[in-house]
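Overview (structure and organization)
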Amino acid sequence: MALNPYDLYDVRSLLSEEERAVQDTVARFTDERVLPIIGNAFDEGRFPKELIPEIAELGLLGSSLPEQYGCAGLNAVSYGLICQELERGDSGIRSFVSVQSSLCMYPIYAYGSEEQRQRWLPDMAAARAIGCFGLTEPHGGSDPANMKTNAKRDGGDWVINGSKMWITNGNLADVAIVWAMTDEGIQGFLVEKGMPGFTAQEIKHKMSLRASVTSALFFDNVRVPDSNRLPNVKGLKGPLGCLTQARYGITWGPIGAAIACLDEALRYGKERILFDRPLTANQAVQLKLADMARRITTAQLLSLQLGRLKDAGNMQPTQVSLAKWNNVRMAIDIAREARDLLGGAGITTEHCPIRHALNLESVITYEGTETVHQLVVGRELTGINAF
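Residues numbered from 1 in each chain as written. Predicted model: local features only at pLDDT ≥ 70, side-chain atom pairs only at ≥ 80, totals over all residues. Heavy atoms only, no water.

1. With respect to the overall build of the chain
Looking only at helices and strands, one finds ten helices and nine strands in the chain. Its C-alpha atoms give the chain a radius of gyration of 21 Å, near enough to 21 Å, the size a compact globule of 387 residues would have. Across the 387 residues of the chain, 54% fall into the buried class. In the chain, of all internal contacts separated by at least 6 residues, the share reaching a separation of at least 24 is 76%. Carbon and sulfur atoms provide 52% of the accessible area of the chain, an area that totals close to 16,600 Å². (Helix = DSSP H or I, 4+ residues; strand = E, 2+ residues; numbered from the N terminus. Rg over C-alpha atoms; globule rule 2.2 N^0.38 Å. Buried < 20%, exposed > 50% of the residue type's maximum accessible area, 1.4 Å probe, protein only. Contact = heavy atoms within 4.5 Å. Areas by Shrake-Rupley, 256 points an atom, 1.4 Å probe, with all protein chains shown as cover.)

2. Quick look at helix α10 (residues 370-382)
The terminal C-alpha atoms of α10 lie 18 Å apart, and with 13 residues this matches the ideal 18 Å at 1.5 Å per residue to within 8%. Looking at α10, one finds that the buried residues are Glu370, Val372, His373, Val376 and Val377. (Expected span 1.5 Å × (residues − 1).)

3. Concerning the side chain of Ser95
Looking at the secondary structure, you find Ser95 in helix α4 (residues 91-111). Apart from the residues lying within four places of it in its own chain, the contact partners of Ser95 are Thr168, Leu209 and Tyr366.

4. Some words on the pairing of strand β5 (residues 185-192)
For β5, a buried count of seven out of eight residues is recorded, marking the element as mostly surrounded by other parts of the structure. Here eight bridges tie strand β4 (residues 175-182) to β5, and the two strands are oriented antiparallel to one another. By the bridge assignment for β5, Ala176 is matched with Val191. As consecutive antiparallel partners, β4 and β5 are separated by two residues. (Pairing = 2+ DSSP bridges.)

5. Side note on the packing of helix α6 (residues 237-271) against helix α7 (residues 283-311)
It is at 10 Å that the axes of α6 and α7 come closest, and there the two elements cross at 155°. As summarised for this structure, α6 and α7 are arranged roughly antiparallel, according to the angle between their axes. Crossing hand, α6 versus α7: left-handed. Contacts from Gln245, Tyr248, Thr251, Trp252, Ile255, Ala258, Ile259, Leu262, Ala265 and Leu266 in α6 reach Leu289, Met292, Ala293, Ile296, Ala299, Gln300, Ser303, Leu304, Leu306, Gly307 and Lys310 in α7. Partitioning the contact of α6 with α7 into residue classes produces 15 nonpolar, five polar and one charged. (Axes fitted to C-alpha atoms, helices over the stretch in contact; angles between N-to-C directions. Parallel < 35°, antiparallel > 145°, perpendicular 65-115°, else oblique. Left-handed = near helix turned anticlockwise from the far one by under 90°. Nonpolar A, V, L, I, M, F, W, Y, C, P; charged D, E, K, R; others polar.)

6. Digging into the nonpolar core
Residues Ile55, Phe96, Phe133 and Trp179 are the most contacted members of the largest nonpolar core, which totals 52 residues. Listing elements by their share of this core, those giving two or more residues are α1 (17-44), α2 (52-57), α3 (76-89), α4, α5 (114-125), β4, β5 and α6. Here this core takes ten residues from α4, the largest share from any one element. When residues no more than four places from it in sequence are discounted, the contact partners of Phe96 are Phe47, Ile52, Ile55, Leu61, Ile130, Asn169 and Leu172. (Core = buried A, V, L, I, M, F, W, Y, C linked by side-chain atoms within 4.5 Å.)

7. So, unusual backbone geometry
The phi dihedral of Asn221 is positive, around 55°, even though this residue is not glycine. Turning to its location among the elements, Asn221 is positioned in strand β7 (residues 214-225). Positive phi outside glycine occurs at Phe275, with the angle close to 55°. In this fold, Phe275 is placed in the loop between β8 (273-274) and β9 (277-278).

8. Some words on the UniProt feature "domain: Acyl-CoA oxidase/dehydrogenase middle" (unreviewed entry) in the chain
In the numbering used here, UniProt assigns the feature "domain: Acyl-CoA oxidase/dehydrogenase middle" (unreviewed entry) to residues 132-222. Segment residues 132-222 splits into 0% helix and 55% strand. End C-alpha atoms: 17 Å apart. (UniProt positions renumbered as here; feature names shortened; annotations may be inferred.)

9. Comments concerning the side chain of Ser163
Within the secondary structure, Ser163 is located in strand β3 (residues 157-168). Here Ser163 falls in the buried class, since its relative accessible area comes to 19%. In this structure Ser163 touches Glu137, Pro138, Thr149, Leu217, Phe218 and Phe219, once residues within four positions along its chain are discounted.

10. A short note on the packing of aromatic side chains
Overall, the coordinates contain eight aromatic pairs when judged by the stated rule. Among the aromatic residues, those joined into a ring-pair cluster are Tyr106, Tyr111, Phe133 and Trp179. When the ring centre of Phe42 is taken as origin, the NZ or CZ atom of Arg210, which lies over that ring, is 5.9 Å away. One Lys or Arg, Lys310, reaches over the ring of Tyr248 and ends 5.5 Å from the middle of that ring. (Phe/Tyr/Trp six-rings, centres within 6.5 Å; stacked < 30°, edge-to-face > 60°. Lys NZ or Arg CZ within 6 Å of the ring centre and 35° of its normal.)

11. A look at the packing of α6 against helix α8 (residues 317-341)
Remark: α6 packs on α8, axes separated minimally by 8 Å, with the N-to-C direction vectors making an angle of 20°. Judged by the inter-axis angle, α6 sits roughly parallel to α8. Crossing geometry of α6 relative to α8 is assigned as left-handed. Within the contact between the two elements, α6 uses Thr244, Arg247, Tyr248, Ile250, Thr251, Pro254, Ile255, Ala258, Cys261, Ala265 and Tyr268 and α8 uses Pro317, Val320, Ala323, Lys324, Asn327, Val328, Met330, Ala331, Ile334, Ala335, Ala338 and Leu341.

12. Quick notes on the pairing of strand β2 (residues 150-154)
Across five bridges, the pairing between β2 and β3 is antiparallel. Within β3, the position partnered with Ala151 by the bridge is Ile160. Where β2 folds back onto β3 in an antiparallel hairpin, the turn is made up of two residues, including Gly155, whose phi is positive at roughly 65°.

So this is what it looks like as structure tokens:
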């Protein structure tokens, strides 16, 4: 039997029936609804908002949260497969779902009051409300403890001043999960659209994540009631806990981007005739394609085991860092190699590798740069913090 070139180790056979059904459903959505429009959306610098109702209807928003809040209650592996299939379409689509699910709905569920959960989670699962996550600031994102945005108590309210940068979904959001320094340490606040002094400004002139909304957020004496403060966490463990959830999904997403690039390279290489034979008949080309498949297979096994650890409650942040580092590096290298194999055609967005390569420049940077994740693993090995 011929092996599946995109799953040489038959990782799919290790999935449950439900996990395979989730993957098939999202793969069909990507094939039928995302891929026909995403190239043009990237060219136009436009997030395809028309897909949001369908994404919600499929249960992809907050998919791992309990059904009592209108969510699907899926396991971690299923969420990973959702990310993989969405990013096979485009990193911007996966980023929208990641932010809504892991960076907005998760902290409300994990750190919020029951009143906050009831108010926000059902609407966010149905996409009646969109969220964004405000942690990174203009001076840099790798040192969140050096936070300038602050919240001061004023009676029963908090007054927030500061700014956030590179915020996915910022101009779409009905609510921002904003992390601010207080006299009691870093705390999270639900800052709602329309609150006086809160503005969002979309960032233009991007060469990456063009089919995604990226914004700067500004807070000028924004008055927020204490009922909008996340009561169940203080300190960096709050935002870092959210990032661990999102980074987990990011270990899966780039596998989809890499598979898309390998598929394009294979199909193009078989059709492209050079020196009276297909491009794929050359040893040098086969070596590159084989290396792509090897690295995809490694990434698939890493993320699947990470998902099983997460579902068992045993996943550690260092394990997430290792997989994010490995899998995003794998994908960006494959996107660049696939672009090269396509020759001149590879620089156009009529083919996906250049689009994925550009997007992955953001993915390898956000939610922990590659260097940060390398240092996390190094600290685990040596016991020495070299940050």
